[in-house]
Amino acid sequence: MKLLYIGYLGFNNVGDEVCYESFIQSINRWSNSVDKVIAYDIKENKGIKNILNKETIDAVILGGGSLFQGDIFLTLAEEAIELGIPLYSYGTGIDYLTEDTMSKYIIGESFQPSSFFDNRQINTSRIKKLVESLTYTGVRGPLTLQFIKGLSPVNSSIEIIGDSGFIYSPNSDHYILNHYLFPVQAPLIAINWGTTFNKLFGYNEALVEDQLIESCFYLISKGYHIVIYPMWNQDIESCMNLYHRLNNKDSVTFIPEVCSSSQIYSFLGKCHFSINLKLHANILSAAAFTPFIQIAYRSKGFDFALSINQFENTLYPHSSTILETIKEKEKNFTRYRENYTNKLKAEKEKYTEKHKCFIQSHF
């Protein structure tokens, strides 16, 4: 059996890559029938018919990420349906929901949004047709679930399967600790920073950065060592700027490269807690059982947080009380650390079982 995995791969964005890596990991662990997984080459931008000239494809996987609204992903999914190839949603999500829409979804209302954040144009009729044709619909979180419910009568097979990156469990890879943090002895706090090109709630990355600077100075005063790391090539410059603004080489380390998923996972597992902008920095922290504070720049961050009961540790970027929240969370993470890690372990076990059931049932 051969599967075609569709995702935003090949752009050195750890978030998209770890979803694919985790899927491969799951196939290797639990599938008895899959001989090969073909990663769709988005740079070549070929149709599925072109791939079929060289490969057989028994099923198509619409992978992790907010792929329901991407035109290229919808087009490929529609082609798979047209060709009669079974199509599976594997932790796929929706993004760009407005704050008002999220508020209604959180209390269980289902409706079709009339507008999206940043005036994003999302073709809900195409998504509706796609969802109604899926062989299996496993989505990232409750916001995506409510969005789909508002488009179409509930498909009996739909379920929240969670982001595939959350069940990622690689072998230890201590490159970051050995290469960048030897011989640091102070407790570590990971800070993921980057850019959204100002497409974040509040439209003010500078405001977030200023509060993050204040927070880092506070944490340094408490004896922590700050480690700033990127998740994407285009985040490196923003991370470097944050590092230079802190101007403290003794208590701050900047990682000037995008490290691998396994390297970041292993590093986060050694941190006291993490503060993250990018979605999968939070997901990898949770996967490594390290408490996190998420600065959720768009709705996809809340979708994930709600899926694992971490809404209380998730902030809007236009919050004016980021420093106060970090002070409070630092005390809680220190005093009740075992409670936080146990909750993350329980959530990971729950979603691992969901992914196992999906793989064993279908592949």
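Definitions and cut-offs
- Residues numbered from 1 in each chain as written.
- Predicted model: local features only at pLDDT ≥ 70, side-chain atom pairs only at ≥ 80, totals over all residues.
- Heavy atoms only, no water.
- Helix = DSSP H or I, 4+ residues; strand = E, 2+ residues; numbered from the N terminus.
- Rg over C-alpha atoms; globule rule 2.2 N^0.38 Å.
- Buried < 20%, exposed > 50% of the residue type's maximum accessible area, 1.4 Å probe, protein only.
- Contact = heavy atoms within 4.5 Å.
- Areas by Shrake-Rupley, 256 points an atom, 1.4 Å probe, with all protein chains shown as cover.
- Lys, Arg positive; Asp, Glu negative; His and termini not counted.
- Charge placed at Lys NZ, Arg CZ, Asp CG, Glu CD.
- Salt bridge = Lys/Arg side-chain N within 4 Å of Asp/Glu carboxyl O.
- Patch = residues over 30% accessible without salt bridge, like charges linked within 9 Å, V, L, I, M, F, W, Y side chains within 5 Å.
- Pairing = 2+ DSSP bridges.
- Expected span 1.5 Å × (residues − 1).

J.: Is there a simple way to think about the overall build of the chain in this case?
T.: Helix and strand counts for the chain stand at 14 helices and 12 strands. In terms of overall dimensions, the chain is globule-like: its C-alpha atoms have a radius of gyration of 20 Å, near the 21 Å expected for 363 residues. With the C-alpha coordinates of the chain rotated into their principal frame, the extents come out at 60 × 40 × 35 Å. The burial tally for the chain puts 59% of its 363 residues in the buried class. Across the chain, the fraction of contacts at a sequence separation of at least 24, relative to all contacts at a separation of at least 6, is 74%. Accessible surface, the chain as shown: approximately 14800 Å² in total, 46% of it carbon and sulfur. Across the chain, 33 positive and 38 negative side-chain charges occur, with their mean positions spaced 2 Å apart.

J.: Can you help me understand the pattern of salt bridges in this one?
T.: Oppositely charged side chains can pair when the atoms bearing their charge come close. Throughout the structure, instances matching the rule amount to 15 salt bridges. The residue Glu82 makes a salt bridge to Lys49 at a minimum N-O spacing of 3.9 Å. Of this pair, Glu82 sits in helix H3 (residues 71–82) while Lys49 sits in helix H2 (residues 48–52); the two residues are 33 residues apart in sequence, bridging distant segments of the chain. Residue Glu82 is classed as exposed on the basis of its relative accessible area of 61%. Of the residues examined, Lys49 reaches a relative accessible area of 45% and is grouped as partly exposed. Notably, a salt bridge pairs Arg126 with Asp71, separated by 2.6 Å at the nearest N-O pair. Placement of the pair is Arg126 in helix H5 (residues 124–133) and Asp71 in helix H3, with a sequence separation of 55 residues. Connected via shared salt-bridge partners are Lys2, Lys36 and Glu55.

J.: Looking at this structure, how should I read a positive patch on the surface?
T.: Together, Lys222, Lys327, Lys331 and Arg335 give the surface a local cluster of positive charge. Tracing the chain through its elements places Lys222 in the loop between helix H8 (205–221) and strand E8 (225–229). The class of Lys222 is partly exposed, set by a relative accessible area of 44%.

J.: What's the story with the sheet that holds strand E3 (residues 59–62) in this structure? I'm lost.
T.: Two orientations exist for strands paired in a sheet by backbone hydrogen bonds: parallel and antiparallel. Here 6 strands make up an open sheet; going across it, the order is E2-E1-E3-E4-E5-E6 and the pairing parallel. Every interior strand has two partners, whereas the edge strands, strand E2 (36–39) and strand E6 (159–160), have only one. Here 4 bridges tie strand E4 (residues 87–92) to strand E5 (residues 136–139), and the two strands are oriented parallel to one another. By the bridge assignment for E5, Ser89 is matched with Thr137.

J.: I'm lost on H8 in this one. Help?
T.: For an α-helix the count is 3.6 residues per turn, leaving residues at separations of three or four pointing the same way. Taking 1.5 Å per residue, 17 residues should reach 24 Å; H8 reaches 24 Å between its end C-alpha atoms and fits that length. Among the residues making up H8, those that are buried are Glu205, Val208, Glu209, Gln211, Leu212, Ile213, Ser215, Cys216, Tyr218, Leu219 and Ile220. Of the residues flanking the end of H8, it is Gly223, one or two places downstream, whose phi is positive at about 100°.

J.: Mind showing me how you'd approach a nonpolar patch on the surface here?
T.: Taken together, the side chains of Ile106, Ile107 and Phe311 present a nonpolar region at the surface, about 300 Å² in accessible area. Note that Ile106 resides in helix H4 (residues 99–106). Residue classification places Ile106 among the partly exposed residues on the basis of a relative accessible area of 41%.

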